[in-house]
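Spelled out, the chains give:
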Amino acid sequence: PHPESLSAEEQLRKFILDPLREVSDAVSTPILAVIDALDECDDSRVHSLPFIRLLLHHVNDFRALGIKFFIASRPASEISSGFMLDSSLARHAQLIVEDVPFPEASHDIRLFVEYMLWLIQQDDPTFRWEKRHVDLITNNSTPLFIVASTTCSFIRGQNLRSNRSAQERLERITSSFASTTVVGD
C-alpha cells in the first residue's frame, strides 16, 4: 500500500518504529527527530492536535528506542492544547523563543551571522566583512532569528535577480541598518 493510504498510526509504526526496532541494538547514540513548522502542517489530511496525541501516546516507545523529538512551531492554541494532554509536563519541555534571555539570543544570532558571512566568502573570495557588519546585522535582528536569516539570504543573493554583488548587498543592508539603529542606554 502507498504510505498516504495508511493511517498516521500505521505510518508511524511501519516507517519509524519498526525499522528503528530492527537497528536499535546497532545505534548507541540518541536519535533526534526534528519537526519544523508544525503549525504549517494543518491541511485536509494532517492536523497538529491528533499528531501530537499520537506522539504522546508512543512516548514510551520513543524512549525505549532512544528517540527524542524537537518540535518547532509558531504559537498556536491547538498545538499548545495538545501538549496540555501531558499534564505532568514530565514528558516534554517547552521553550518559548521570546523567553530566551536577550544576551543568549544575541550570541546565537551573532554566531549564525558570522558563519553565513564566512560561507559567502567561501563562494566569493573577494567578499569581505568586518565585525561592524556582524554587529549591525546582529543588533538589528535580535531577538528574531528570522531577521538574521533573511538578511543573510539577501546578502548571499538567494532567489534574487540582481546585478549587485554580495559585497554591494552587504554594504547596502548594513548602511540601512546603521541609519536606523537607535543606541540605547
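Residues numbered from 1 in each chain as written. Predicted model: local features only at pLDDT ≥ 70, side-chain atom pairs only at ≥ 80, totals over all residues. Heavy atoms only, no water.

## Quick word on the environment of arginine 21
Logical step 1: As for its placement among the helices and strands, arginine 21 is situated in helix α1 (residues 8-23).
Logical step 2: In this structure arginine 21 comes out as partly exposed when scored by relative accessible area, which is 36%.
Logical step 3: Separated by 40 residues in the primary sequence, arginine 21 and aspartate 61 place their C-alpha atoms 9.4 Å from one another.
Logical step 4: Ignoring anything within four residues of it in the chain, the contact list for arginine 21 reads Asp61 and Leu65. (Helix = DSSP H or I, 4+ residues; strand = E, 2+ residues; numbered from the N terminus. Buried < 20%, exposed > 50% of the residue type's maximum accessible area, 1.4 Å probe, protein only. Contact = heavy atoms within 4.5 Å.)

## Looking at the pattern of salt bridges
Logical step 1: Enumeration over the complete set of coordinates arrives at eight salt bridges.
Logical step 2: Put simply, arginine 21 and aspartate 18 hold a salt bridge, and the shortest N to O gap is 3.2 Å. Pair noted here: arginine 21 and aspartate 18 are both in helix α1, with a separation of three residues, about one helical turn.
Logical step 3: Under the relative-accessibility criterion, aspartate 18 is labelled partly exposed at 36%.
Logical step 4: Between aspartate 61 and arginine 21 there is a salt bridge; the shortest N-O distance is 3.5 Å. Within this pair, whereas aspartate 61 is found in helix α3 (residues 59-65), its partner arginine 21 is found in helix α1, the two being separated by 40 residues in sequence. (Salt bridge = Lys/Arg side-chain N within 4 Å of Asp/Glu carboxyl O.)

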